[in-house]
Structure formats: structure tokens, C-alpha cells
Amino acid sequence: QVQLVESGGGLVQAGGSLRLSCAASGNVFSINDMAWYRQAPGKQRELVATTTRRGSTNYADSVKGRFTVSRDNAKNTVNLQMNSLKPEDTAVYYCAAVTFGAYNTYWGQGTQVTVSS
């Protein structure tokens, strides 16, 4: 089992920045990919960014150039630096961890990000 705890959400004005953090515990050696997802009211959960254990990253087109995902395997953390935030970035952001072989996906409880115009 893997437990994930997110932090860092909040309210920010458009154009501002926030940094989300996710700390993993439990069977962390089973984790391969880590990712950030978000879900806005009335919408499906969508992938925001991913990072592999080796540090490769991938981003949704909507956040490229504005968001940066980083991972510290020694500390079992993954962060999401969000710059130039827009009202459409408003959502609950979830951290996810995928085990090797994609056998399991674990989710954090989510953290609210609200961007005011």
C-alpha cells in the first residue's frame, strides 16, 4: 500500500503562482510513475503532468510552459510548480502514484486550487 498526502493548494489571483507538494509513504519502492491530475466542477478528472522514476516528464497541452513537475526519489515527494495561473486552472488537484507494471494506482485526497480573475 502507498499513502499520498497533498499540500499547498489555496486561493490565488490570475497570473499568480502556487506550489503543490505530495508526500508518499508506505511501499514507496513499488512506485514507478507519479502524476498530478485535476478535476474541475462538472468535468472529468484530467491528467496535468507526469514524471517517471528516472525523471522524464510529460504535460497536458493546457499547462505546458506554465507548470513544472519535479520529483525527489530520496524524499518520496513530487511537486507541481504552477505559474501564470488562469481561472480555468481552478480545480481539485490530485496526486497519483502508479506502481511498476501498472498493477496499482494510488490517489491522494486532493487539494483545492482556486484562481480568481
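Quick note: structure is the one above.
Asker: Summarise the nonpolar core; cite the residues concerned and give the values.
Answerer: If you look at the biggest cluster of nonpolar residues, it comprises 30 residues, and the most contacted ones within it are Leu 4, Met 34, Trp 36, Leu 80, Met 82 and Tyr 93. Secondary structure elements with two or more residues in this core: strand 1 (2–7), strand 3 (18–26), strand 4 (31–39), strand 5 (46–51), strand 7 (67–72), strand 8 (77–82), strand 9 (91–99) and strand 11 (111–116). Setting aside residues no more than four positions away along its own chain, Met 82 makes contact with Gly 16, Ser 17, Leu 18, Leu 20, Arg 66, Phe 67, Tyr 93 and Val 113.

Asker: Residues and numbers for the pattern of salt bridges, please.
Answerer: Between side chains of opposite charge, a pair can form as their charged atoms come close. Enumeration according to the criterion identifies four salt bridges in this entry. Across the salt bridge formed by Lys 64 and Asp 61, the nearest N and O atoms sit 3.1 Å from each other. Note that Asp 89 is salt-bridged to Arg 66, the shortest N-O span being 2.7 Å. Of this pair, Asp 89 sits in the loop between strand 8 and strand 9 while Arg 66 is found in the loop between strand 6 (57–59) and strand 7, placing the two residues 23 residues apart along the sequence. The exposure class of Asp 89 is buried, given its relative accessible area of 1%. Since its relative accessible area comes to 11%, Arg 66 is described here as buried. By sharing partners, the salt bridges in this structure join Arg 38, Glu 46, Arg 66 and Asp 89 into a single network.

Criteria and thresholds
- Residues numbered from 1 in each chain as written.
- Predicted model: local features only at pLDDT ≥ 70, side-chain atom pairs only at ≥ 80, totals over all residues.
- Heavy atoms only, no water.
- Core = buried A, V, L, I, M, F, W, Y, C linked by side-chain atoms within 4.5 Å.
- Buried < 20%, exposed > 50% of the residue type's maximum accessible area, 1.4 Å probe, protein only.
- Helix = DSSP H or I, 4+ residues; strand = E, 2+ residues; numbered from the N terminus.
- Contact = heavy atoms within 4.5 Å.
- Salt bridge = Lys/Arg side-chain N within 4 Å of Asp/Glu carboxyl O.

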